[in-house]
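Structural overview
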Amino acid sequence: RWTQWVFLQLFDSWYNIEAKRAEPIASLIRRFEHNGFTGIDRRRLTGDEDMEAPTFTAEEWKAFNPREQEAVLQFFRLAYRSEAWVNWCPALGTVLANDEVKDGVSERGGHPVERKRMPHWSIRITAYAQRLLDSLDELDWSESIKEAQRNWIGRSRGALVKFPVVGHEEVIEVFTTRPDTLFGVTFVTLAPEHQLLDKLVTPERRAEVMAYCEQAKNRSERDRMADVKTVSGAFTGAYVKHPFTGADVPIWVGDYVLLGYATGAVMAVPGGDQRDWNFARHFNLPIIAVTEGADIAKEADERKDATLINSGFLNGLEVPNAITRAIQELETLGVGEGRINYRLRDAAFGRQRYWGEPIPIYYEDGLPKAVKDEHLPLVLPEVDKFLPTADGEPPLARAADWSYSPLHGRGAGGEGYSPLETTTMPGWAGSSWYWLRYMDPGNTERFAGKEAVDYWKQVDLYVGGSEHATGHLLYVRFWTKFLFDRGFIAVEEPAQKLVNQGMIQGVSAILPFVSNAAISLSSEDLHLGLNRQETPLLYVSQSIVDKGVARATELVTARYLEYWPWLAELSSESNFSFTLSDAHVDIELVAANNSLRHQEFKLRKEQSFSKDREVDFLLDEEGRILTRREVEKMSKRWFNVVNPDDIIEKYGADTLRLYEMFLGPLEQSKPWDTNGIEGTSRFLKKFWNLFFESDILSVSDVAATKAELKVLHATLKKVTEDIEKLSFNGKTRLQLEFPMELDAKSVEAAVLANPEVQARLEGKLPKKVIVVPKRIVNIVI
């Protein structure tokens, strides 16, 4: 209910760039009624430099019909519906946000994603771009998270340059951070999805260009940004006029240009940009040096401290001054202007799937209108299948009662009913504000009572993963600022302090095995090939693995002869060679001493190996098959996943939680080792026995002695400090002093060289050394 309610507030709001806050849409309508809308208002009121909203007088606004008025309002609403290029995943039957697509496939499920133009709902997060940047400095968040958000928002200062298309009325607008390089422009490149392509391409070039665009536009923007080696493109046959020289400049299309950034077009300066240089060299296009000392035969010169050459009135100026001068000239000639641009794009909101909150919008004569508050929540309807309809509509279109009446609410249709929106909200909708609901979860009149939100204000400490940096953490900041603007809450940021917890890593069990084994005799050549297809696998113990190639005589023991009697016939001059490979085995089949319980292994026929034959083992002298351990990401793929339910059943939830706290500093990634949980279990039992004897509480009310109070207060102090540090870091074995300016590597080296540390290591190499500067050094053995 309340997530839908917040969405309707977004739908009913616009961002006033003058006031730097969101306001009810009614205030914008009043402006239109009194003043109309002019070109100056375009940027002053919305901050949207790419919008195409028409200009009109107050009288013209009043004369617009409701459909025309709503078409204008869609350019301003913070929740709006438009037609745009989206990431469409056919397998999931839904649109995905940019951060939900990686390497051309969906982040969840790994399904192919294609670019498709379709109507969908979006949230105008771009209106808050500058505020989202500015307040980062005030947050006690990790610098890596803040830097990730700065890069994702991507603020850049430059110029909007207009290139008139030869023979057409259209103008191609380009945003550039380097207007000083304009004299080096030798071609203009458009994104494959650019809206002007269909008009500009010449008849003789149409087939090739459209075929290229169809192929290129299905690659995700992430893939196209990452792929710096592949060069592809097509010439449109059209030209633009250079704004300074008046020369004809060819128009190309290339997938290294993204529609989602700036205007979807770039002025290509191969002498000053490496991607443009690669494109020009590939297609044999001109390259002009515009900076003094550039060697354009080898690469582009991207220096920002050079002096301009071959640049007309900019010659002799250094880059910063040349940028300022170029913008002045663009504005004087009326062919451009200074601009600030953001890489951040509006967030795709509608999902063509069943699950998720239904978007509370109905359509009256095709116009989007808000479901009334009293009819919320709009709950998911019963459907026969959780699949799109035969004509591609989302699953909600299957419902028999998916229509709406302002008088009666949701119903089955008929007179007075209108169709409801059939897309649902993304998972991040609810997670963008749910922290507020914890303040007042039982409130039926408001998402949280004013008294509660004024008291609690914001989250004191947020512990969350860094993987949410440009998704959830950005959206929750945006929604919080919006609710603040509209007066619903008293804070602009959701969490003042953020700590990224480290990943709990798995400890994998890796079993070395031999393939391509061969035996060479001194008297004759006899090669015995062992491979996975023809004969049983040959396993070797770690001692043989370390040697790489072992003498045959070293292998001839009674234990080995039990499996391969032919080894006894080998002479002392024979050599045994092999190719060593590794296989992960299920950690459940590995004992505490790292040996493999091979009978269980054979019975389960581990999936890493062939299942159509017996598997033989080469044992060590004690009859064990040894594995080695490696710390890796916990994953089913590596057979190293630990089920917490199993741990709880055996040791209890308190032991599990405490052991996780004892693993190491909260922000550090750390390995899970089930064997180590025994110590935590014994600790809790010892603690329990301090208070209970034979399950009978044994606590005295006798006054504590001075010594007992000292221990008590020392314990309270230690626990309090550990909680404040979010680290329960183990026992302090040694205290050493180091200069404050010493770096982490030097501290680590000095600690490991300490005689007492060496004695405790007993000649073993530590598995891991964690240095928390100026605080503590953890040595994992």
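For the structure itself, look to the data block above.
Below is a short write-up of the structure. (Residues numbered from 1 in each chain as written. Predicted model: local features only at pLDDT ≥ 70, side-chain atom pairs only at ≥ 80, totals over all residues. Heavy atoms only, no water.)

1. Describing the environment of Tyr462
How we decide: Labels follow the DSSP assignment, with helices taken as runs of H or I lasting at least four residues and strands as runs of E lasting at least two, numbered in each case from the N terminus. Any two residues whose heavy atoms approach within 4.5 Å at even a single point are treated as in contact. Pairs of N or O atoms are called polar contacts if they sit within 3.5 Å, as long as, within protein, a hydrogen donor faces a hydrogen acceptor (for residues adjacent in sequence, only side-chain-to-side-chain pairs).
Residue position: Tyr462 is located in strand 21 (residues 462-463). Tyr462 sits 38 residues away from Asn500 along the chain, and the two C-alpha atoms are 8.4 Å apart. If we skip the residues at most four places from it in the chain, Tyr462 touches His472, Leu473, Ala495, Lys497, Leu498 and Val499. A polar contact of 2.9 Å, which involves the side chain of Tyr462, links it to the side chain of His472.

2. Considering the side chain of Gln149
Rules: Each residue is placed in one exposure class: buried if its accessible area under a 1.4 Å probe, protein chains only, is under 20% of its type's maximum, exposed if it is over 50%, and partly exposed if it falls in between.
Note that Gln149 resides in helix 7 (residues 143-153). Its relative accessible area of 0% is what places Gln149 among the buried residues. A polar contact is formed between the side chain of Gln149 and the backbone oxygen of Ala469, at a distance of 3.0 Å. If sequence neighbours within four positions are ignored, Gln149 has contacts with Leu136, Trp141, Ala469, Leu473, Leu474 and Arg477.

3. As for the nonpolar core
Here is the rule: Put simply, a nonpolar core is a bunch of buried Ala, Val, Leu, Ile, Met, Phe, Trp, Tyr and Cys residues held in one set by side-chain atoms that sit within 4.5 Å of each other.
Within the largest apolar cluster, 60 residues are counted, with the highest numbers of intra-cluster contacts made by Phe7, Leu10, Tyr128, Phe349, Leu436, Phe447 and Trp479. Mapped onto this core, the elements with two or more residues apiece are helix 1 (2-11), strand 7 (114-123), helix 6 (129-134), strand 16 (361-364), helix 13 (428-431), helix 14 (434-437), helix 15 (450-456) and helix 16 (472-485). In this structure, Tyr128 is in contact with Tyr15, Ala22, Leu78, Phe478, Lys481, Phe482 and Asp485, ignoring residues within four places of it in sequence. Residues Val188, Leu190, Ala234 and Ala326 belong to the second largest nonpolar core, which totals 39 residues.

4. Observations regarding the sheet that holds strand 11 (residues 234-241)
Where we set the bar: Only strands joined by at least two bridges in the DSSP assignment are considered to pair. Axes here mean lines fitted to C-alpha atoms, for a helix over just the part in contact, with angles spanning 0 to 180 degrees between N-to-C directions.
Reading across from one edge, 11-12-10-13 is the order of the four strands in this open sheet, with mixed pairing throughout. Only two strands of the sheet have a single partner each, and these edge strands are strand 11 and strand 13 (265-268). Strand-to-strand twist of the sheet, defined as the mean angle between neighbouring strand axes without regard to direction, takes the value 30 degrees. Sheet contacts for helix 9 (residues 203-216): strand 11 and strand 12 (248-253); angle to strand 11, the most-contacted strand, approximately 105 degrees.

5. Describing the packing of helix 22 (residues 653-662) against helix 23 (residues 677-689)
When two helices pack together, their arrangement is given by the angle between the helix axes and the distance between those axes. Test applied: Should the near helix be turned anticlockwise from the far one by less than a right angle, the crossing is termed left-handed; should it be turned clockwise, right-handed. Note on residue classes: Ala, Val, Leu, Ile, Met, Phe, Trp, Tyr, Cys and Pro are nonpolar, Asp, Glu, Lys and Arg are charged, and everything else, Gly too, is polar.
Packing of helix 22 against helix 23 brings their axes to within 9 Å, and their N-to-C directions diverge by 115 degrees. Viewed along their axes, helix 22 and helix 23 form a crossing whose handedness is right-handed. Residues Asp654, Thr655, Leu656, Leu658, Tyr659 and Phe662 of helix 22 form the contact with helix 23, whose participating residues are Ile677, Thr680, Ser681, Phe683 and Leu684. Split into classes, the residues belonging to the contact of helix 22 with helix 23 amount to seven nonpolar, three polar and one charged.

6. Concerning the sheet that holds strand 15 (residues 347-348)
In a beta sheet, neighbouring strands are held together by backbone hydrogen bonds and run either parallel or antiparallel to one another. Strand order in the open sheet formed by four strands is 4-3-7-15, and the pairing between neighbours is antiparallel. With one partner strand each, in any of the chains shown, strand 4 (94-96) and strand 15 form the two edges of the open sheet. Bridge count for strand 3 (residues 79-89) against strand 7 is 10 bridges, and the pairing is antiparallel. Bridge pairing in strand 7 places Val86 opposite Lys116. Along the sheet, helix 1 contacts strand 3 and strand 7; its crossing angle with strand 7, the most-contacted strand, is approximately 90 degrees.

7. Section: helix 11 (residues 274-283)
Operational definition: Picture the helix axis, draw a direction to every C-beta atom, and the arc is the one those directions span.
The set of residues buried in helix 11 consists of Asp276, Trp277, Phe279 and Ala280. All buried residues of helix 11 project into a common sector of 165 degrees when viewed along the axis, lining one side. On its buried face, helix 11 is in contact with strand 10 (187-190), strand 12 and strand 13. Put simply, Asp273 is the residue that caps the front of helix 11, since its side-chain oxygen is 3.1 Å from the backbone nitrogen of Arg275. Two residues or fewer past helix 11, Asn284 is found with a positive phi of approximately 60 degrees.

8. Observations concerning the side chain of Asp255
Its place among the elements puts Asp255 in the loop between strand 12 and strand 13. Apart from the residues within four sequence positions on either side, Asp255 is in contact with Pro192, Tyr212, Ala216, Arg219, Arg224 and Ser232.

9. Here's the deal with a nonpolar patch on the surface
Operational definition: Each patch is assembled from residues with relative accessible area greater than 30% and no salt bridge, linking like charges that lie within 9 Å and nonpolar side chains (Val, Leu, Ile, Met, Phe, Trp, Tyr) that lie within 5 Å. Per-residue and other accessible areas were derived by the Shrake-Rupley procedure at a 1.4 Å probe size, with only the shown protein chains allowed to occlude residues. Here a salt bridge means any side-chain nitrogen of Lys or Arg lying within 4 Å of a carboxyl oxygen belonging to Asp or Glu.
Taken together, Phe687, Leu690, Phe691, Leu697 and Val699 make up a surface patch of nonpolar side chains, about 530 Å² in accessible area. Following the sequence through the fold, Leu690 ends up in the loop between helix 23 and strand 31 (692-693). The exposure class assigned to Leu690 is exposed, which follows from its relative accessible area of 62%.

10. What about unusual backbone geometry?
Geometrically, the link from Leu376 to Pro377 is a cis peptide bond, its omega value of 5 degrees lying close to zero. Secondary-structure assignment places Pro377 in the loop between strand 17 (367-370) and strand 18 (403-405). Phi is positive for Lys20, which is not a glycine, with a value near 55 degrees. A residue is classified by how much of its surface remains accessible, and Lys20, at 58% relative accessible area, is exposed. Here Asp695, not a glycine, exhibits a phi torsion of approximately 65 degrees, which is positive.

11. Details of the packing of helix 1 against helix 16
Applied cut-off: Any angle from 65 to 115 degrees is called roughly perpendicular, while one under 35 is roughly parallel, one over 145 is roughly antiparallel, and all others are oblique.
Contact pair helix 1 / helix 16: the axes reach a minimum separation of 11 Å and the direction vectors enclose 70 degrees. Between helix 1 and helix 16, the angle is such that the two are roughly perpendicular. The element helix 1 and its partner helix 16 pack so that their crossing is left-handed. Residues Val6, Gln9 and Leu10 of helix 1 touch helix 16, and the partners they reach there are Phe478, Trp479, Phe482 and Leu483.

12. As for the environment of Gly254
Its location among the elements puts Gly254 in the loop between strand 12 and strand 13. Overall, the relative accessible area of 0% leaves Gly254 in the buried class. Gly254 sits 61 residues away from Glu193 along the chain, and the two C-alpha atoms are 10.0 Å apart. In this structure Gly254 touches Thr189, Leu190, Ala191, Pro192, Tyr212, Ser232, Gly233 and Phe279, once residues within four positions along its chain are discounted.

13. Things to note about the packing of aromatic side chains
Note the cut-off: Between the rings of Phe, Tyr and Trp (Trp by its six-membered ring), a pair exists once the centres lie within 6.5 Å; its type follows the angle of the planes, with under 30 degrees stacked, over 60 edge-to-face, and the other angles tilted. Here, a charge over a ring is recorded when the distance from Lys NZ or Arg CZ to the ring centre is within 6 Å and its angle to the ring normal is within 35 degrees.
Inspection of every chain in the model, using the stated rule, returns 40 aromatic pairs. On the numbers, 5.4 Å between centres and 35 degrees between planes, the contact of Phe183 with Phe244 is tilted. In this pair, Phe183 sits in the loop between strand 9 (171-176) and strand 10 while Phe244 sits in the loop between strand 11 and strand 12, placing the two residues 61 residues apart along the sequence. In this structure, Phe183 and Phe244 share a single accessibility class: buried. An aromatic cluster of three or more residues is present, and its members are Phe7, Phe11, Trp121, Phe349, Trp428, Tyr475 and Trp479. The cationic tip of Arg77 hangs over the ring face of Phe11; the distance from NZ or CZ to the ring centre is 4.0 Å. Of note, Arg124 hangs over the ring of Tyr80, and the distance from its end group to the ring centre comes to 4.0 Å.

14. Let's talk about the pattern of salt bridges
On inspection of all chains with the given rule, the structure shows 30 salt bridges. Among the salt bridges present, the one from Glu143 reaches Arg150, with a minimum N-O distance of 2.9 Å.

15. Quick look at helix 23
Heads up, the condition is: What a helix is expected to span follows from its residue count: subtract one and scale by 1.5 Å.
The terminal C-alpha atoms of helix 23 lie 19 Å apart, and with 13 residues this matches the ideal 18 Å at 1.5 Å per residue to within 8%. Of all the residues in helix 23, the buried ones are Ile677, Thr680 and Ser681. The buried side chains of helix 23 occupy one side of the element, clustering within an arc of 100 degrees when seen end-on. More than 90 degrees from the buried face of helix 23, the exposed residues found are Arg682, Lys686 and Asn689. Of the surrounding elements, those touching the buried residues of helix 23 are helix 21 (644-651) and helix 22.

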